[in-house]
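# Fold and contact review
Each chain is listed here by its residues.
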Amino acid sequence: MDGVIVDSALYHMRSWQETYRSTGITFTEQDFKHVFGMRNDEIIRLVLGKDFTDEKFKAIAQAKEVAFRQLIRSYVKPLPGVIKLLDTVDAAGFLQALVSSTPVENIDLIIDSLGVRRHFREIISGYDVTEGKPSPQGYLLAAHRLGVHPADCVVIEDAVAGVEAARGGRMKCIAVTNTHPAERLAAADMVVSSLEMVNVGIIERLLTQNSGLAERSHMPIEKSLVLVKPDAMKRRLAGAIINRFEQRGLTVVGMKLIHMDATLARRHYAVHEGKPFFDGLVKYITSTPIVAIIFEGENAIELIRRTMGATDPAKAEKGTIRADFGVDIQNNAVHGSDSPENAAKEIALFFKKGEIYGVY
Ligand code: IDP
Ligand code: MG
């Protein structure tokens, strides 16, 4: 965000200047360059010296934040080319995510002031990652949440550590020289002096360079809903069942214990409404708390169906969960979504967006 979408350094400097002016201290652009990147408390300590009271410290810190927010709300402008690029990339059908180490409050403030929130399917802030750039964690998490391969991603960066993060995540990188000179960004696949020079055609060309990569997989990354059903819960088989899927390389990205009510059960099994076993099925699935899990991985939906086995345990192949743990056609231990459309519907029935996590 900073240095790519918006130049917030300018607004930070102006808010410090305003704050210090009111206390009679001059704060020059040179002073700002010196403190840029430091935390607010360090900056205040440096400017005021040792002789200040806690109250004065707090008042200055607060005044600076108020001034910053006010300036952003009233004056913030996107860097050149940003709005057009966001619009055209959206129109071309790409998914966009914002990855910033800035606290989420400032991300919210800036993207709402600019009116660009709708462009971002996912927003990763400093709170979502344990490692900042140059770790690729933030970018990998964004790809994961968008459901796309890193090799199908292009990162747009202004920072040296950010270019390194993109490379670490095996993503293509376009660096813009808003903050650093081109020499320092040479590790990027492309260096531009302004985002006005970037367009959808350039992004597509960068991505086709990855189409032959050996490590590139052609399987889609999918999410699927798994339920450990009441018969398996009663026999303490939740762990064993989850283990089978984890052994297949699937990742738990959401999990909860939930006692389904009849409304949820009817919605979940809506396709079976009217069948002779429907009422019994609703009664059964609501009879005890169950564990609901979202698994994610390549080809997850089919992989899970194969790991579960046929609906009727008597007909399920040896070594499948239902053959090993199922009792009869109703008490068959486990549920797994049967198509991408149904997986999306089922996941939405059981989980809120904030309850689904990514790479860790
Ligand atoms: P699936 O779970 O393998 O996708 P579905 O045909 O979608 O199988 O049926 C949903 C669930 O309804 C089954 O897992 C099972 O618990 C129950 N069920 C399916 N067919 C019968 C039946 O003939 N008698 C009793 N219960 C059934
Ligand atoms: Mg089914």
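Keep in mind it's a predicted model, so treat the numbers as computed, not measured.

Here is what the cut-offs are and how they apply
- Residues numbered from 1 in each chain as written.
- Chains lettered and ligands numbered in written order.
- Predicted model: local features only at pLDDT ≥ 70, side-chain atom pairs only at ≥ 80, totals over all residues.
- Heavy atoms only, no water.
- Domains from an automatic or database assignment.
- Core = buried A, V, L, I, M, F, W, Y, C linked by side-chain atoms within 4.5 Å.
- Buried < 20%, exposed > 50% of the residue type's maximum accessible area, 1.4 Å probe, protein only.
- Helix = DSSP H or I, 4+ residues; strand = E, 2+ residues; numbered from the N terminus.
- Contact = heavy atoms within 4.5 Å.
- Near = heavy atom within 4 Å.
- Polar contact = N/O pair within 3.5 Å; in protein donor to acceptor, adjacent residues only side chain to side chain.
- Areas by Shrake-Rupley, 256 points an atom, 1.4 Å probe, with all protein chains shown as cover.
- Nonpolar A, V, L, I, M, F, W, Y, C, P; charged D, E, K, R; others polar.
- Phe/Tyr/Trp six-rings, centres within 6.5 Å; stacked < 30°, edge-to-face > 60°.
- Pairing = 2+ DSSP bridges.
- Axes fitted to C-alpha atoms, helices over the stretch in contact; angles between N-to-C directions.

We now examine the domain arrangement of the protein. Here the domain parsing of the protein yields domain 1 (9–72), domain 2 (82–217) and domain 3 (221–355). Each of domain 1 and domain 3 was reduced to a C-alpha centroid, and the two centroids are 55 Å apart.

The subject of this paragraph is the nonpolar core. Grouped together as the largest cluster of nonpolar side chains are 42 residues, with contacts concentrated most on I241, F245, F295 and F350. By residue number, the principal contributor to this core is strand β8 (residues 290–298), which donates six residues. Setting aside anything within four residues of it in sequence, one finds I241 in contact with V228, A232, I321, F325, A333 and V334. Of all hydrophobic cores here, the second largest spans 32 residues; its members include V6, L71, V82 and L114.

We now examine unusual backbone geometry. P134 follows K133 through a cis peptide bond whose omega is 15°. In this structure, P134 sits in the loop between β2 (122–124) and α7 (137–146). With phi around 60°, R170 is a residue other than glycine that occupies positive phi space. Following the sequence through the fold, R170 ends up in the loop between α8 (160–168) and β4 (172–176).

All right, on to the site of ligand 1 then. Inspection of the region around ligand 1 gives K229, Y269, H272, F277, L281, R305, T311, R322, I329, Q330 and N332 as its neighbouring residues. T311 has a polar side-chain atom sitting 2.6 Å from an oxygen atom of ligand 1. Isolated, ligand 1 exposes 530 Å² of accessible area, and the fraction of that covered by the protein chains is 79%. Of the residues assigned to the shell around ligand 1, the class counts are four nonpolar, four polar and three charged.

A few words on the packing of aromatic side chains. Counting across every chain of the model gives four aromatic pairs. Seen in terms of ring centroids, W16 and Y20 are 5.6 Å apart; in terms of plane orientation they differ by 15°. Their pairing is stacked. Placement of both W16 and Y20 in helix α1 (residues 8–21) is noted, with a separation of four residues, approximately one turn of the helix. Centroid distance W16 to F27: 6.4 Å. Interplanar angle 50°. Geometry classified as tilted.

Moving on, we come to the sheet that holds strand β3 (residues 154–157). The strands that make up a sheet pair up through hydrogen bonds in the backbone, lying either parallel or antiparallel. The three strands are arranged β3-β4-β5 in an open sheet whose pairing can be described as parallel. Each edge of the sheet is formed by a strand with only one pairing partner; in this case those strands are β3 and β5 (190–192). Pairwise comparison of adjacent strand axes, ignoring direction, gives a mean angle of 20° for this sheet. Two strands pair when backbone bridges link them, and β4 and β5 are joined in this way by three bridges, in the parallel orientation. Bridge assignment links I174 to a residue of β5, and that residue is M190. Contacts from helix α9 (residues 200–208) reach β3, β4 and β5, with the element oriented near 140° to β4.

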